[in-house]
Amino acid sequence: MPAVSPTLLAVLTIGVVALILGILIEFTQNRYSGRDDPIISRINEGVSTERLRENLKFLSSEPHLVGSNRDKELADYIRDRFVEYGLDRAYLVPYNVLLSYSNTSHPNKVSIFDARSGRVLFESKHREENETIFPNIVDSYNSFAPKADVIGEPNYAKIDLKGKICIVRYGKIFRGNKCENAAQRGCVAVILYSDPLEIAREGTQQENVYPNSWWMNGKAMQRGNLRTSMGDALTQGFPALVDGAFQYGINDIELPKIPTQPIGYEDMYAILNLMGGLPVPNTTAFRDWNGGLNITYRLGPGFGSANAEKKLRVVVNNVMQTKIIYNVIGILEGSVEADRYVILGNHRDAWGLGAMDASSGTTALLEVSRLFGGFHRDSQWRPRRTLVFASWSGEELGLIGSTEWVEEHIHLLSQKAVAYINVDTCIMGPNLNPDASPSLMEILREVTEYIPFRNNTLLNAWTEYQEYISGELDKPKIKTLGSGTDHAPFAFFAGIPAINIEFTFDKKKYPISGSYPAYHTAYETFDLVDKFIDPEFSLHKTCSQLIGVLLHAISGSTLMPFKINELANRVQTDYENMWRRDRNEDQFVSKSDFINGEFKPLIDMLEKSIENFVIAAKDWDSKMRDLDLNNPFLVRQVNDVMLAVERAFITPEGLHQRPEIRNLLYAPFKYNKYSTVVFPGMLDLMKTISNTQRADTLKVPQFNQTLRRHISDIAIALRSATNLLNTSPL
């Protein structure tokens, strides 16, 4: 072994001592508390409504679909702002990915024609018509819908779908799942539309719709992605690097099977008004199938007898291209735990002008990065842990940019990432409506107490809103982290706990099952936000304050602010509620079938594992209250354990037939991407078995074996997490 020089040895010794002293100084601080924290005061006072307004007006001034020139211009702009604001560094990260676009020379159309003469009697519009809309607005289309020209009879029913063009309303479940279900049941094409019951509840007259209201006129069309998996379709499971990474061929990947086209309710009226068949029955099975158009909704199939010679035609001319897209990453290094990362992300791309989805979040991202960069630039302040600010591209076509970045850095993130905070559509209304990983729910509740809101605190307003909605006066209940936006690859692929921040409209006053009325339409403009959603930009300010304080709380606390006890209790409660689902609606196998059959030993093992995890988590939280914060190495060890508990539920191979979903504990349900469930792989397989029993009983034993293995995997993961929490796991 070569000798170590005295100079080098001295340098190393000084470095180690300095590191330990720095850790000791930082770790002697109390656990995180927002009271009397000067950074929180500076965040609350520093957010500028004028800057937020200026940012949003600029960001939503032109369409910026993923892969467009404007998308790249905004990437450059955001990188430059990160540098200007005082972050340590900022840079673009390119990926070469598969995208789907409408064919602007041959736009998609839905038409009615006379089968005898061939004369076209009606043709749908392919974009909204309004002189206030930017002239280059994106045509209405559903990304990754295949190119096709289909003629058939319309059907607005649950039966007799084979060979029909199926009419489907937006709402309740993910559009991609709707179209997947339609293809499996024999539909040859799908026409999607938003009914006035969802987007024009106060009437379709001009005075009641945009530009005179936040409700939508009959020309509004909701664009949207159809793929049910996330990330680049050609590089599932690995990053789409630009310097020659392997890509699957188009014929080797799963893409939507049948042509699909969204239209406005004005055009849908022309189709539904001619429909034949029975009227929609007033039964539970057809609950919400009637809508807000001034017609009798009929099931079909086909047009009525007076219009029997008419046929429906769907022409989709979508094109797919591989293009380079760009994420933007900004870094502010931590002062003590620089190797631990807290990430704040928002997607930049939009289906049109995107003033709400997601430029309302982008403007908040910029404002928060300005504040933190300014704290560092003006006083050399640094966060305890490293902050990562991320602007993703490609979210609207399947969470592409964020997923590729997580795939590229999966090993680093799995070891070093503390939490991910997502802000997509920051503002839809005045009411806080977040979702979160269970271990981060308590810190989310806590920081809302430090945010001023309408002469009170955000916590009080949030509590009052929940009482108004549910009638329960208690600490705010937080939904388990959902899907459909960029936290998904962090939480469901990498096992990184996450929080998604949004403010929504009054759900009791407007009980619509979908998103806000202008969602993914050309009318999602700055004018809409400025007139009807947040004229004073006070809600944008509150959203920015919340994100900033939350970022500071998670990055600055001595102990990582995880509540393992809340995670364990939520798992136990959600598991118990899992068996109370509507069996007729969900078509799951009942618990009694498991208890009385071959699954009983595994269910017993699973329930015992849940029970032990709950006990261990309760003991862990008790120990944390007495932890010696003056021992930096003990605190580091405790933080390491809490990170490891979250990762204990990641299975490398992914769920059955869903390799991009690796979280055994919580993830979206396979049959509804918008619905997050406990033990998702278990519920996926239960639903699959139920479906298979009606279609192909020979496959049931194989699925049963897969389910038995999966239940065992969940139980083992719970035991691993329990062992991590015990002081002497071996």
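Residues numbered from 1 in each chain as written. Predicted model: local features only at pLDDT ≥ 70, side-chain atom pairs only at ≥ 80, totals over all residues. Heavy atoms only, no water.

K.L.:
Quick question: what am I supposed to make of the domain arrangement of the protein here?
P.N.:
Where the parts come together, the accessible area they lose is often given as the size of the interface. Partitioning the protein into structural domains gives domain 1 (1-30), domain 2 (34-97 + 323-512 + 524-556), domain 3 (103-317) and domain 4 (564-726). Computed over C-alpha atoms only, the centres of domain 2 and domain 3 are separated by 32 Å. Across the domain 2/domain 3 interface, buried area totals approximately 2800 Å², and carbon plus sulfur atoms make up 69% of it. In terms of surface lost to domain 3, no three residues of domain 2 exceed Asn 96, Trp 351 and Ile 512, which account for 23% of the buried area on that side. Our count for the domain 2 to domain 3 interface comes out at 0 salt bridges. (Domains from an automatic or database assignment. Buried area = accessible area lost by both parts, 1.4 Å probe. Salt bridge = Lys/Arg side-chain N within 4 Å of Asp/Glu carboxyl O.)

K.L.:
What exactly am I supposed to notice about the side chain of Ser 555 here?
P.N.:
Mapped onto the secondary structure, Ser 555 falls in helix H15 (residues 538-556). Taking relative accessible area as the criterion, Ser 555 reaches 0% and is therefore assigned buried. At 3.4 Å, the side chain of Ser 555 forms a polar contact with the backbone oxygen of His 552. Dropping the residues within four chain positions of it, Ser 555 is found in contact with Val 342, Pro 383, Arg 384, Arg 385 and Leu 387. (Helix = DSSP H or I, 4+ residues; strand = E, 2+ residues; numbered from the N terminus. Buried < 20%, exposed > 50% of the residue type's maximum accessible area, 1.4 Å probe, protein only. Polar contact = N/O pair within 3.5 Å; in protein donor to acceptor, adjacent residues only side chain to side chain. Contact = heavy atoms within 4.5 Å.)

K.L.:
Any chance you could explain the pattern of salt bridges here in plain terms?
P.N.:
Side-chain pairing between opposite charges can occur once the charged atoms of the two side chains come close. This model, assessed by the stated rule, comprises 38 salt bridges. A salt bridge links Arg 70 to Glu 73; its shortest N-O distance comes to 3.3 Å. One end of the pair is Arg 70 and the other is Glu 73, both in helix H4 (residues 69-85) and 3 residues apart, which spans about a single turn. Judged by its relative accessible area of 10%, Arg 70 is buried. Its relative accessible area of 43% is what places Glu 73 among the partly exposed residues. Here Asp 339 ties to Lys 416 by a salt bridge, and the two come within 3.3 Å at their closest N and O atoms. Here Asp 339 is found in strand S13 (residues 337-347), whereas its partner Lys 416 is found in helix H10 (residues 410-416), with 77 residues between them in sequence. Asp 339 gets classed as partly exposed once you look at its relative accessible area, which sits at 26%.

K.L.:
Before we go on, may I ask you to explain the UniProt feature "domain: Transferrin receptor-like dimerisation" (unreviewed entry) in the protein in this structure?
P.N.:
Using the residue numbers shown here, the UniProt feature "domain: Transferrin receptor-like dimerisation" (unreviewed entry) corresponds to residues 605-725. End C-alpha to end C-alpha, residues 605-725 measures 19 Å, and it is 65% helix and 9% strand. (UniProt positions renumbered as here; feature names shortened; annotations may be inferred.)

K.L.:
Can you walk me through the sheet that holds strand S5 (residues 148-152) in this structure?
P.N.:
Backbone hydrogen bonds hold the strands of a sheet together, and the pairing may be parallel or antiparallel. Spatial ordering of the open sheet is given by S3-S2-S11-S5, a layout of 4 strands whose pairing is antiparallel. Strands with a single pairing partner mark the edges of an open sheet, and in this sheet they are strand S3 (120-123) and S5. Going from strand to strand, the sheet's axes swing by 20° on average, the running direction of each strand aside. Inspection of the sheet shows S5 paired to strand S11 (residues 310-316) by 5 bridges, in the antiparallel sense. Bridging across to S11, Asp 149 finds its partner in Val 315. (Pairing = 2+ DSSP bridges. Axes fitted to C-alpha atoms, helices over the stretch in contact; angles between N-to-C directions.)

K.L.:
What is the right way to read the pairing of strand S7 (residues 165-169) from this model?
P.N.:
Looking down a regular strand, the side chains alternate between one sheet face and the other. Among the 5 residues of S7, 5 are classified as buried, and the element is accordingly described as predominantly covered. The two faces of S7 match: Ile 165, Ile 167 and Arg 169 on one face and Cys 166 and Val 168 on the other face are all buried. In the sheet, strand S6 (residues 154-155) pairs with S7 via 2 bridges, with the strands oriented parallel. Residue pairing for S7: Asn 155 is matched across the bridge by Cys 166. Bridging between S7 and strand S8 (residues 189-193) involves 5 bridges; their strand directions are parallel. Residue Val 168 lies in a different strand from S8, and its bridge partner there is Leu 192. As for the winding sense of the linkage, the β-α-β connection from S7 through helix H5 (residues 175-184) to S8 is right-handed. (Right-handed = clockwise from strand over helix to strand, strands pointing away.)

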